[in-house]
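The lines below spell out each chain.
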Amino acid sequence: VGGRDVTSVESEPMAITNLTIDINPPSQIEAGRYTIPVVATTSTSTTTLNLEVVITGTYNMELTTPTGLLSGSIIAGQEKKIEFVVRNTGSSNISGVKLSGSAPAGWTVSFEPKNIDKIMPGEVSQVIATVKADKNAIPGDYIGNFDARTPEASAKAAFRFSVKTPMLWGWVGIFIILAAIGSVYYLFRKYGRR
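Note that this is a predicted model, so its numbers are computed, not measured.

Engineer: An account of the pattern of salt bridges is requested, with residue identities and associated values reported.
Structural biologist: In total, this model carries five salt bridges according to the counting rule given. For Arg160, the salt bridge goes to Asp141, with nearest N and O atoms at 3.3 Å. One end of the pair, Arg160, is in strand 11 (residues 154–164); the other, Asp141, is in strand 10 (residues 140–149), with 19 residues separating them in the sequence. A relative accessible area of 36% places Arg160 in the partly exposed class.

Right under this line is the structure:
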């Protein structure tokens, strides 16, 4: 009434008084129809009006790994499979979830499955992301961005990759170092006494 919160109003006989009723449902309420009784009481009479509210539910989801860990190692030029879970944290079904990912230049990302038909509230769906690092990636940390999206909600996850070089290159490096030491030793033996 007049923009004020009230619990009672005065009304003249045969007059009309407009009231606005604010209804604030809990954030995790299930979708459905709910009846809300509104009671008006005077000293001589009582009347009840049943309001029907249709809750469509909330849409929310989370993209993470089963352990919550969003980092791991990968070898340059090789593939790594990462298990992700898409969790419906809303109160309505989410459907038509599309998965995508992006990684540094020269990397590839694919999902199995690429789409999830439906996830019920509180449920999870598992997907496998296959990431292949660029064969020329130098050792260090890289970020891959993963995305789950529906028309109603979306979720993102950033995964940190620690790139390691293949063991072959480690052995090649050791061989080069040994060859250099051998060459220096040979030169000292041959020319060191002159």
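Engineer: Break down the sheet that holds strand 3 (residues 61–64) for me, citing the residues and quoting the values.
Structural biologist: Strand order in the open sheet made by the four strands is 3-5-9-7, with antiparallel pairing throughout. Of all strands in the sheet, those with a lone pairing partner are strand 3 and strand 7 (108–112), marking the two edges. Averaged over all neighbouring strand pairs, the angle between strand axes comes to 25°, with direction disregarded. In terms of strand pairing, strand 7 meets strand 9 (residues 124–132) through five bridges, oriented antiparallel.

Engineer: Tell me what's going on with the sheet that holds strand 11, and back it up with residues and numbers.
Structural biologist: The strand order across the open sheet formed by five strands is 4-11-10-6-8, and the pairing between neighbours is mixed. One side of each edge strand has no neighbouring strand; the edge strands of this open sheet are strand 4 (71–75) and strand 8 (115–119). When the angles between neighbouring strand axes are averaged without regard to direction, this sheet yields 30°. Pairing of strand 6 (residues 94–102) with strand 8 involves four bridges; the strand directions are antiparallel. Bridge pairing links Lys98 to Asn115 in strand 8.

Engineer: An account of the pairing of strand 11 is requested, with residue identities and associated values reported.
Structural biologist: Here strand 11 shows one buried face, formed by Ala155, Ala157, Phe159, Phe161 and Val163, and one open face, formed by Ser154, Lys156, Ala158, Arg160, Ser162 and Lys164. Here strand 4 runs beside strand 11; their pairing, made up of five bridges, is parallel. Note that in strand 11 the partner of Ser71 across the bridge is Arg160. Across 10 bridges, strand 10 lies against strand 11 in antiparallel orientation. When the sheet's bridge partners are listed, Gly144 is paired in strand 11 with Phe159.

About the criteria used
- Starting from 1, residues in each chain are numbered consecutively following that chain's sequence as written.
- In keeping with the predicted nature of the model, local features appear solely for residues at pLDDT of at least 70, side-chain atom pairs appear and are counted solely at 80 or more, and the whole-chain, interface and lining totals rest on all residues.
- Side-chain metrics rest on all non-hydrogen atoms present in the structure, leaving aside hydrogens and water.
- By convention in these notes, a salt bridge is any Lys or Arg side-chain nitrogen within 4 Å of a carboxyl oxygen on Asp or Glu.
- To qualify as a helix, a DSSP run of H or I must reach at least 4 residues; to qualify as a strand, a run of E must reach at least 2; elements of each kind are numbered from the N terminus.
- Burial classification: accessible surface area is computed with a 1.4 Å probe over protein chains only, and a residue below 20% of its type maximum counts as buried, one above 50% as exposed, and the rest as partly exposed.
- In this scheme, strands are said to pair when DSSP sees at least two bridges between them.
- Fitting a line to C-alpha atoms yields each axis, with helices limited to the stretch in contact; the angle taken between N-to-C directions then spans 0 to 180 degrees.

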